[in-house]
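Residue-level listing of the chains:
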Amino acid sequence: MIDIEQLGNILGVSTLAGSLIAQVPQILQILQSKNVTGLSFNGFSIEIFSLTIQVLYFIAQEYKFLAYADIAVLLVQDYLIVLLIMLYGTGLSFKEYGHVVAYIASVTSVIFGTVTKEMIVLVMQGVVFLNIISKITFVSSILATKDTSSMSPAGWVIFCVFQCSSYFCWLRDIGRHDNSDAARSKLYLQPHHHSAYLEIQGPSK
């Protein structure tokens, strides 16, 4: 019999593996159909903001790359989808161009040291809300266009399994850590990282 701990470790490793192909079916679907109707540029933009914050957080905390490799891979895949939406879409609105400019400005400020480590840790606390907003935006776009022809069913299945595995491991980690407010708060703010590979590849400092 596999206990909860072993199941969590298996799902944790599978989460990393699943991230490598999470958005690949969607990317291939767009390339084949050259259709992006129903895909939300704003939704992917918000998700990119969220993933970027998470990557910067783990870099700032000096974690080894394997600890956040799944997020980095998802970020690259989201970049590709956004570029494809810009290529095959009907053009961006003023608001959508604003998202692009804001993102470039934010990343540039990090590169040049305007944003401190403390600021990144603080912003990290809003990642959960960004994730929720991005999912609501995705659903709203589908309802508005009533068109799912550009979406990959396989991609959505992989993504859902990936998310369920992530949150299972997160809940497991909350249960096995101490009950101090500081420890539990840290885990609640980081529902995306968990599992055996994070424990092995923790902070390098």
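Our structure's up above, just so we're on the same page.
Residues numbered from 1 in each chain as written. Predicted model: local features only at pLDDT ≥ 70, side-chain atom pairs only at ≥ 80, totals over all residues. Heavy atoms only, no water.

Chemist: Would you take a moment to explain the pattern of salt bridges for this structure?
Modeler: Any two side chains of opposite charge can pair, so long as their charged atoms come close to each other. Enumeration over the complete set of coordinates arrives at one salt bridge. A salt bridge links Lys135 to Glu47, with the nearest nitrogen and oxygen atoms 3.4 Å apart. Here Lys135, found in helix α7 (residues 127–145), pairs with Glu47, found in helix α3 (residues 41–60); they are 88 residues apart in sequence, far enough to count as distant. Residue Lys135 is classed as partly exposed on the basis of its relative accessible area, which comes to 26%. Relative accessible area serves as the criterion here: at 8%, Glu47 is assigned to the buried category. (Salt bridge = Lys/Arg side-chain N within 4 Å of Asp/Glu carboxyl O. Helix = DSSP H or I, 4+ residues; strand = E, 2+ residues; numbered from the N terminus. Buried < 20%, exposed > 50% of the residue type's maximum accessible area, 1.4 Å probe, protein only.)

Chemist: What is the right way to look at the packing of α3 against helix α4 (residues 69–88) in this model?
Modeler: The relative placement of two packed helices comes down to the angle between their axes together with the axis-to-axis distance. Taken N-terminus to C-terminus, the directions of α3 and α4 make an angle of 155°; their axes are 9 Å apart at the nearest point. If you check the angle between α3 and α4, you find them roughly antiparallel. Crossing angle aside, the handedness with which α3 passes α4 is left-handed. Contacts between α3 and α4 involve Phe41, Phe44, Glu47, Ile48, Leu51, Thr52, Gln54 and Val55 from the former and Ile71, Ala72, Leu74, Leu75, Asp78, Tyr79, Ile81, Val82, Ile85 and Met86 from the latter. (Axes fitted to C-alpha atoms, helices over the stretch in contact; angles between N-to-C directions. Parallel < 35°, antiparallel > 145°, perpendicular 65-115°, else oblique. Left-handed = near helix turned anticlockwise from the far one by under 90°. Contact = heavy atoms within 4.5 Å.)

Chemist: Would you mind going over the packing of helix α2 (residues 24–33) against α4 with me for this structure?
Modeler: Running from amino to carboxyl end, α2 crosses α4 at an angle of 20°, the nearest separation of the two axes being 10 Å. Classified by the interaxial angle, the pair formed by α2 and α4 is roughly parallel. In this structure, α2 meets α4 at a crossing whose hand is left-handed. Note on element contacts: α4 touches α2 through Gln77, Leu80, Ile81, Leu84 and Tyr88, opposite Val24, Gln26, Ile27, Ile30 and Leu31. Of the residues that constitute the contact of α2 with α4, the class distribution is eight nonpolar, two polar and no charged. (Nonpolar A, V, L, I, M, F, W, Y, C, P; charged D, E, K, R; others polar.)

Chemist: Mind showing me how you'd approach α3 here?
Modeler: Owing to its 3.6 residues per turn, the α-helix brings residues three or four apart onto one side. In this model α3 runs 28 Å from its N-terminal to its C-terminal C-alpha over 20 residues, within 8% of the 28 Å that 1.5 Å per residue would give. With 17 of 20 residues buried, α3 lies mostly within the body of the structure. (Expected span 1.5 Å × (residues − 1).)

Chemist: Teacher, can you tell me more about a nonpolar patch on the surface here?
Modeler: A contiguous nonpolar patch, built from Leu20, Ile21, Val24, Leu28 and Leu31 and spanning about 410 Å² of accessible area, is present on the exposed surface. For Leu31, the position within the fold is in helix α2. (Patch = residues over 30% accessible without salt bridge, like charges linked within 9 Å, V, L, I, M, F, W, Y side chains within 5 Å. Areas by Shrake-Rupley, 256 points an atom, 1.4 Å probe, with all protein chains shown as cover.)

Chemist: I tried to follow the nonpolar core on my own but got confused; where do I start?
Modeler: Nonpolar side chains tend toward joint burial in soluble globular proteins. Leu39, Phe44 and Ile85 are the most contacted members of the largest nonpolar core, which totals 32 residues. When contributions to this core are tallied by element, the ones reaching two or more residues are α2, α3, α4, α6 (117–124) and α7. The biggest single contributor to this core is α3, with nine residues. Once residues within four sequence positions are removed from consideration, Ile85 is found in contact with Val36, Leu39, Ser40, Phe41 and Phe44. (Core = buried A, V, L, I, M, F, W, Y, C linked by side-chain atoms within 4.5 Å.)

Chemist: Quick question: what am I supposed to make of α7 here?
Modeler: The first and last C-alpha atoms of α7 sit 27 Å apart over 19 residues, in line with the 27 Å expected at 1.5 Å per residue. Regarding α7, the residues found buried are Val127, Asn131, Ser134, Thr137, Phe138 and Ser141. Buried residues of α7, seen end-on, are gathered within an arc of 120° and therefore sit on one face of the element. When the buried face of α7 is taken as reference, the exposed residues oriented beyond 90 degrees from it are Phe129, Ile136, Leu143 and Ala144. With its phi angle positive at about 55°, Lys146 sits one or two positions after the end of α7. (Arc of directions from axis to C-beta.)

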